[in-house]
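Chain and residue survey
What follows is the residue order along each chain.
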Amino acid sequence: MFDDFDAPLAPYWTQTRLGPGTLTVSTSTLRLAFPEVQEGHYADAQIDDYGSLARSAFPWKPPLRMEVRSRASLPSATVGNPTTNFLRGTAGFGFWNYPFSVRGDILMLPEAVWFFYASPPSNMALVPGVPGWGWKAQVIHSMRPGALLATVPTALSTGWGLLTGDTRSAARWLQRLSGANEALLSADITSWHTYTLEWRATEATFFVDGTCVLRAPQPPNRALGFVAWLDNQYAIATPRGTLRFGTIACSPQWLELDSIRIEPL
């Protein structure tokens, strides 16, 4: 599959525009965008290739190679950066299992192999030592036998963390439960970069402009769908047992895609 957006969006793509979200093709670029949005109002601009498919019919499994050329209107939120002028909500592109299906599918734990961004107040602290927000290469592999074995220890260590304030054990068990591997990216997302994923049965390898940024063992192997999106949501899931979702007020912002290529390895 290759799309350089040299024409109107192909029927291959399922287009989602929620709230004031827009999808615009211009000068061989797809722009996912929305204007100023107030807190409590949801905006989403998205394309995907799973549409109304059942999960069993999702189109992508390893081994494959994905390459996306992308940039955004605002910088990513970074640790220690005092500026408030950053991309808000979540954004990204790659493969996932659409775990929160509204089509009647059975709800599932998340599976993903993708480039993922979340801004504060999001705090999805899945990997010890990695901030719970930022621009990341990320693998989540919750649907595996080891995840079930980690359920009780995760609950017990989370309770201990609430009582004592020591969440180190809970953080380790949360990573085992989610099967998460991730790396924070230093790429300036306001500039064009080429993001590449090589997804094999035993390892997912992520590159930015040809430089390896993450090797993640034991990625998901089930069929997943491709998605690229920009929205104004946040999510909090921490070793202290905090779980919360919501929307963020934001100024006008966009994510642009110059091309998408997915091919077998």
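Notes on the structure in this doc start here. (Residues numbered from 1 in each chain as written. Predicted model: local features only at pLDDT ≥ 70, side-chain atom pairs only at ≥ 80, totals over all residues. Heavy atoms only, no water.)

This brings us to the overall build of the protein. Secondary structure assignment for the protein yields 3 helices and 18 strands. Residues classed as buried in the protein amount to 50% of the 265 residues present. As presented, the protein carries roughly 12100 Å² of accessible surface, and 57% of it is formed by carbon and sulfur atoms. (Helix = DSSP H or I, 4+ residues; strand = E, 2+ residues; numbered from the N terminus. Buried < 20%, exposed > 50% of the residue type's maximum accessible area, 1.4 Å probe, protein only. Areas by Shrake-Rupley, 256 points an atom, 1.4 Å probe, with all protein chains shown as cover.)

With the rule as written, the count across this model stands at 1 cavity of 30 Å³ or more. Looking at the largest cavity, the residues that line it are Ser-70, Arg-71, Ala-72, Leu-87, Ala-91, Gly-92, Phe-93, Tyr-117, Trp-135, Ile-189, Tyr-195 and Leu-255. When residues of the lining of the largest cavity are traced back to their parent elements, those giving at least two are strand S6 (64-72) and strand S7 (90-96). Residues of the lining of the largest cavity, tallied by class, amount to 9 nonpolar, 2 polar and 1 charged. (1 Å grid on protein atoms, 1.4 Å probe; cavity = no way out; pocket = protein on both sides within 12 Å on 5 of 7 lines; lining within 4 Å. Points joined across faces, edges and corners; volume = space filled by probe spheres on them. Nonpolar A, V, L, I, M, F, W, Y, C, P; charged D, E, K, R; others polar.)

On the basis of which strands lie adjacent, the open sheet formed by 7 strands has the order S2-S5-S15-S7-S8-S10-S11 and antiparallel pairing. The open sheet has two free edges, formed respectively by strand S2 (14-18) and strand S11 (181-184), since each of these has just one partner strand. Put simply, the sheet's adjacent strands are angled 10 degrees from each other on average, direction ignored. Of the pairings in the sheet, the one linking strand S10 (residues 134-141) to S11 comprises 4 bridges and is antiparallel in character. For Ala-137, the partnering residue across the bridge sits in S11 and is Ala-183. (Pairing = 2+ DSSP bridges. Axes fitted to C-alpha atoms, helices over the stretch in contact; angles between N-to-C directions.)

Attention now moves to the nonpolar core. Counting 50 residues, the largest nonpolar core has Ile-47, Phe-93, Phe-95, Phe-115, Phe-226 and Leu-257 as the members making the most contacts within it. Grouped together as the second largest cluster of nonpolar side chains are 18 residues, Tyr-50, Trp-114, Leu-126 and Ala-180 included. (Core = buried A, V, L, I, M, F, W, Y, C linked by side-chain atoms within 4.5 Å.)

The next subject is the environment of Ile-260. Within the fold, Ile-260 resides in strand S18 (residues 253-264). On the accessibility criterion, Ile-260 (0% relative accessible area) is buried. Linking Ile-260 and Thr-194, residues 66 residues apart in sequence, is a C-alpha distance of 9.9 Å. Contacts of Ile-260, omitting those with residues within four sequence positions, involve Met-1, Phe-2, Asp-3, Phe-5, Trp-13, Ile-47, Glu-67, Val-68 and Phe-226. (Contact = heavy atoms within 4.5 Å.)

Attention shifts here to the pattern of salt bridges. Here the structure, examined in full by the defined rule, presents 10 salt bridges. Residues Arg-69 and Asp-258 are paired through a salt bridge, measuring 3.6 Å at the closest nitrogen-oxygen approach. Taken together, the residues span a long stretch of sequence, with Arg-69 in strand S6 and Asp-258 in strand S18 at a distance of 189 residues. For Arg-69, a relative accessible area of 30% translates into the label partly exposed. Between Arg-200 and Glu-198 there is a salt bridge whose closest N-O contact spans 3.2 Å. Assessed through its relative accessible area of 36%, Arg-200 is described here as partly exposed. (Salt bridge = Lys/Arg side-chain N within 4 Å of Asp/Glu carboxyl O.)

The geometry of an aromatic ring pair comes down to the distance between the two centres and the angle between the two planes. Enumeration over the complete set of coordinates arrives at 19 aromatic pairs. When the ring of Phe-93 is compared with that of Phe-115, the centres are 5.8 Å apart and the planes differ by 45 degrees; the resulting orientation is tilted. Of this pair, Phe-93 sits in strand S7 while Phe-115 sits in strand S8 (residues 111-118), and the two are 22 residues apart along the sequence. Across the pair, Phe-115 and Phe-93 agree in class, each one buried. Arranged with centres 5.3 Å apart and planes meeting at 85 degrees, the rings of Phe-115 and Phe-206 form a pair that is edge-to-face. With a gap of 91 residues between them, Phe-115 in strand S8 and Phe-206 in strand S13 (residues 203-208) connect regions that are remote in the sequence. The pair Phe-115 / Phe-206 is uniform in exposure class, with both members buried. An aromatic cluster is defined as three or more aromatic residues linked by ring pairs; in this entry it consists of Tyr-50, Phe-58, Trp-96, Tyr-98, Trp-114, Phe-116 and Trp-229. Residue placement shows Arg-261 over the ring face of Phe-2; its charged tip is 4.2 Å from the ring centre. (Phe/Tyr/Trp six-rings, centres within 6.5 Å; stacked < 30°, edge-to-face > 60°. Lys NZ or Arg CZ within 6 Å of the ring centre and 35° of its normal.)

So, on to unusual backbone geometry. Omega for the peptide link from Pro-62 to Pro-63 comes to 5 degrees, which places this bond in the cis form. The step from Pro-120 to Pro-121 runs through a cis peptide bond, and the omega angle for that step is 10 degrees. Looking at where Pro-121 falls in the secondary structure, it is placed in the loop between S8 and strand S9 (123-124). Of note, Tyr-98 is a non-glycine position whose phi angle comes to about 45 degrees, a positive value. On the secondary structure map, Tyr-98 appears in the loop between S7 and S8.

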